[in-house]
Amino acid sequence: MSESQRVFALDVGTRTVTGLVLEKNGSDIRILGARTIEHETRAMYDGQIHDVEAVAAVINRIKKELEDELKMQLNQAAVAAAGRALRTATGEVERQRDYFQEFTREEVHALELEAVQEAQIKIASAEGEEGEEGYFCVGYSVINYYLEGQVIGSLVGQVGSEVRVKVIATFLPRVVVDSLLSALRKAGLEMYSLTLEPIAAMSVAIPPRMRLLNLALVDVGAGTSDIAVVKKGTITAYGMVPIGGDEVTERIAEEYLLDFNTAENVKCRLGENEKIKFEDVLGNSIEVQTSEAIEVIRIVVRELAVRVAREILVLNQKAPDAVICVGGGSLTPRFLQELADCLELPANRVGIRTREAVKEIQGEFPSLQGPQGVTPLGIGFKALEGKPLPFMRVVVNQRQVPVWGLKETTVATALLSAGISLQQLYGKPGLGLTVDVNGVVKVIKGGLGTSPVIKVDGKQATLDTVVHDGAVIDYVKGQDGSDAQCTVRDIVKDAGGEVYVNGQKVNILPTISMNGQAAALDDPVPDRAKIQYSLQNSVREILQKSGVGEEYLEEKIVTLRLNDKPVSVRWLACEVQVNGRPVGMDEYVLFGSKVEYKLKALAPRVRDVLPERPVKSMKLTVNGKSVELPYSRWSVRMNGRVVSLDDYLIDSADIEVTESDGGAILSDVLGHIDLGRVGKGQLVMRVNGEKAGFTTPIFDGSQIEIFWDGEILKAH
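All values derive from a computational prediction rather than experimental measurement.

Caption draft 1: Just the overall build of the protein chain, in detail. Within the protein chain, the secondary structure is distributed over 13 helices and 49 strands. The proportion of buried residues among the 716 residues of the protein chain is 47%. Considering only intrachain contacts with a sequence separation of at least 6, the fraction spanning at least 24 residues in the protein chain is 65%. If you sum the accessible surface of the protein chain, you get close to 35900 Å²; carbon and sulfur atoms cover 48% of it.

Take a look at the structure:
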């Protein structure tokens, strides 16, 4: 089949399949043959093929009959898809080039396809994880061409340095396109071109000369109603509603207890006679007034009109100047009136476009008469007049995928065409942890995802690798990164250390709470945890860690009256130095420091409050030896009772201290002689030859003898 001269077009509808062969000679286009065959079963619902083999059988029958009639081989088919789950997106491409070069048709077409690819990337990005089924481009329309920043009707033959193309592209779920491709393959056909049904119908129902008007085209099929909007010379929007003539048929079947095919026949005869006769599923013969049957379907027809009108208003933002309807469903009684009413348009502004109005195509065939013939004619006309999307076939993970055959088709394009979001190829980073640490938010990142492994024809490749027709692409999705995990130790790892206390190493750890509860270093940290910790490196905390009792670390204050004067004594039972420098208990110690301490009495003694006084001395002779004896006589009373210098002070006590100038007593000498072992006799003590006792006063120059009876003690 010559691409430029003949085309086999197929309109695979919910109720029927129409096939026709068009031939183009110069500017003349003629229909060589046409066939329309109804599905024997409900193999399609709402524009979606549910029974591929049944649909393929109908396509194959049409193909064979036309081949036999026209004596030609049909290997390729131009097809269109209904707008089920239709998505649209705009794409725009701008290029700089040499000023004195004219734009060729091929260059302009390549720019259009690049813009379509931009639109597809938008769709894939918008779908994200929910778009795993993928969307496939089934057609596009140019919104505007721009030359040097100005809108221009066509770029072909123009000369300029800056050009821009903006398109609106239509996409359907891959399941819709794949089922259509499968049906063609089973019928022995390859896809020559693919478009959307309203785009095809638009090409003949609203030719370019009419597009300065603001018009809406509605293709009312059996399962869907597809919509396109034009204004100011360009197609601005596409849409659809998943309702069509089948809903009307089902209402008739329900009301009169009919099988679907009988109900469809009744619906098609509503405009022919005043009465209609038919038989229900129980064999009862029924005759009804046409007006009665029309009243039965009125609510469904109104619902169809309301939904179509609502979609038109969404797409156009207002009511259009007029609405042109095609498709067999547009013949449903009262549909045009209801649609005009919903859009608040005069009744004569909503009409039907039939095959008879398409003067550009010659040839009359009964199966193409009426509004139902417009879409199949448009499919063939667009395939002949427009340049179809070029297809190449690649295999992605053992699945054959049609891909636009751009100048350089890459792995990325092939994966997008296979319905694979590029965002899903790379492993997702693991979930992070957000932790509040002493009032400061800290983020612990999860592991990074890995890159995908891609091979083309068994060789390592990247997303930018150019692929050829028949290329085999294998890819393995990158692995997701691991979620962030950490323990309390990881959060406060810099908050601990060690010091040396009296030469021993002591580990200093912080006090920690997590979400209000005491926490250990090895406790796992959940997301959004609140951790509070405080350092324990004050002198007091370090000594406590070293085992020094609390009683040695608390300063005591004793107040008293000393010789009728108020005195306050501050007493700390532990003396501490850090790196050789005296420090207080609340001073902070750097890790690695040397801490030295020694303990004293827990409370101050009497001697600790007495002032320093000069010490006197006297010369004595003790057992024949000369001895110099220092002395100072104190008399201390605390609360009226005589106490020694080593007694502990009593808080709020009255202390009276007196000093005697009478000299020393004999007992003061005992520390200067060696008593030795206790003798068998009595201890003899004499002062200046006279017998004396321990309290006998002694004076400078006194002669003293102290010995056990029969043994002289040695002075020292």
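Caption draft 2: Representation of helix H10 (residues 374-385) in the model. In a regular helix each residue adds 1.5 Å, so twelve residues correspond to 16 Å; H10 covers 16 Å between its end C-alpha atoms and thus fits that length. With ten of its twelve residues buried, H10 lies for the most part within the structure. Looking at H10, one finds that the buried residues are Val374, Thr375, Pro376, Leu377, Gly378, Ile379, Gly380, Phe381, Ala383 and Leu384.

Caption draft 3: Geometry of the environment of Leu270. One can find Leu270 in the loop between helix H6 (260-268) and strand E15 (275-279). The buried category is assigned to Leu270, whose relative accessible area is 3%. Other than its neighbours up to four places away in sequence, Leu270 contacts Ile252, Ile276, Thr290, Ala293, Ile294, Ile297 and Pro333.

Caption draft 4: Seen up close, the packing of aromatic side chains. If you walk through the whole model with that rule in mind, you get one aromatic pair. Considering the side-chain rings of Tyr256 and Phe278, the 5.4 Å spacing of their centres and the 65° angle between planes classify their relative orientation as edge-to-face. Taken together, the positions of Tyr256 in helix H5 (residues 245-256) and Phe278 in strand E15 put the pair 22 residues apart, joining distant regions of the chain. Over the aromatic face of Tyr146 sits the side chain of Arg164, whose NZ or CZ is 3.9 Å from the ring centroid.

Caption draft 5: Examining the layout of surface pockets more closely. Taken as a whole, the second largest pocket spans an internal volume of roughly 920 Å³. What lines the second largest pocket is a set of 39 residues, among which Arg15, Thr16, Gly328, Gly329 and Gln372 lie closest to the centre. Listing elements by their share of the lining of the second largest pocket, those giving two or more residues are strand E1 (6-12), strand E2 (16-25), strand E3 (28-38), strand E12 (215-220), H5 and H6. In the lining of the second largest pocket, the residues fall into nine nonpolar, 21 polar and nine charged.

Caption draft 6: Examining the sheet that holds strand E6 (residues 76-81) more closely. With mixed pairing, six strands are arranged side by side in an open sheet as E11-E6-E1-E2-E3-E19. Two strands bound the open sheet, and with one partner strand each, they are strand E11 (190-196) and strand E19 (361-362). Sheet topology note: the E2/E3 ladder contains ten bridges and is antiparallel. Note on E3: the bridge partner recorded for Val21 is Gly33. Together, E1, E2 and E3 form the strand contacts of helix H1 (residues 52-70), whose direction differs from that of E3 by roughly 135°. Strands in contact with H10 are E1, E2, E3, E6, E11 and E19; relative to E1, the strand with the most contacts, it is inclined by about 145°.

Caption draft 7: Highlighting the pairing of strand E33 (residues 565-571). Here strand E32 (residues 556-562) runs beside E33; their pairing, made up of seven bridges, is antiparallel. Across the sheet, Val558 pairs through a bridge with Val569, a residue of E33.

Caption draft 8: Quick peek at the nonpolar core. By size, the foremost hydrophobic cluster in this structure holds 74 residues, and its most contacted members are Phe8, Leu10, Ile31, Ile59 and Ile361. For this core, the element with the most residues is H1, which contributes seven residues. Core analysis: the next-biggest nonpolar cluster, separate from the first, contains 38 residues, Val296, Val301, Leu345 and Val350 among them.

Caption draft 9: Local environment of helix H8 (residues 298-316). The first and last C-alpha atoms of H8 sit 26 Å apart over 19 residues, in line with the 27 Å expected at 1.5 Å per residue. In the core, the buried residues of H8 are packed alongside E12, strand E13 (225-231), strand E14 (234-241), H5, strand E17 (322-326) and helix H9 (335-343). Downstream of H8 by a residue or two, Gln317 has a phi angle that is positive, lying close to 65°.

Caption draft 10: Molecular detail of the sheet that holds strand E28 (residues 504-508). Reading across the sheet, the five strands line up as E28-E27-E36-E34-E35 and stay open at both edges, with mixed pairing between neighbours. Edge positions in the sheet fall to E28 and strand E35 (581-582), since each of these pairs with one other strand and no more. Two elements, strand E34 (residues 574-578) and strand E36 (residues 594-599), share five bridges in a ladder whose sense is antiparallel. Note on E36: the bridge partner recorded for Gln577 is Glu596.

Caption draft 11: Local environment of unusual backbone geometry. Notably, Asn563 is not glycine yet its phi reads approximately 55°, a positive angle. Counting through the fold element by element, Asn563 comes out in the loop between E32 and E33. Residue classification places Asn563 among the partly exposed positions, given a relative accessible area of 35%. With phi around 50°, Asn579 is a residue other than glycine that occupies positive phi space. Inspection of the secondary structure assignment puts Asn579 in the loop between E34 and E35.

Conventions used here
Residues numbered from 1 in each chain as written. Predicted model: local features only at pLDDT ≥ 70, side-chain atom pairs only at ≥ 80, totals over all residues. Heavy atoms only, no water. Helix = DSSP H or I, 4+ residues; strand = E, 2+ residues; numbered from the N terminus. Buried < 20%, exposed > 50% of the residue type's maximum accessible area, 1.4 Å probe, protein only. Contact = heavy atoms within 4.5 Å. Areas by Shrake-Rupley, 256 points an atom, 1.4 Å probe, with all protein chains shown as cover. Expected span 1.5 Å × (residues − 1). Phe/Tyr/Trp six-rings, centres within 6.5 Å; stacked < 30°, edge-to-face > 60°. Lys NZ or Arg CZ within 6 Å of the ring centre and 35° of its normal. 1 Å grid on protein atoms, 1.4 Å probe; cavity = no way out; pocket = protein on both sides within 12 Å on 5 of 7 lines; lining within 4 Å. Points joined across faces, edges and corners; volume = space filled by probe spheres on them. Nonpolar A, V, L, I, M, F, W, Y, C, P; charged D, E, K, R; others polar. Pairing = 2+ DSSP bridges. Axes fitted to C-alpha atoms, helices over the stretch in contact; angles between N-to-C directions. Core = buried A, V, L, I, M, F, W, Y, C linked by side-chain atoms within 4.5 Å.

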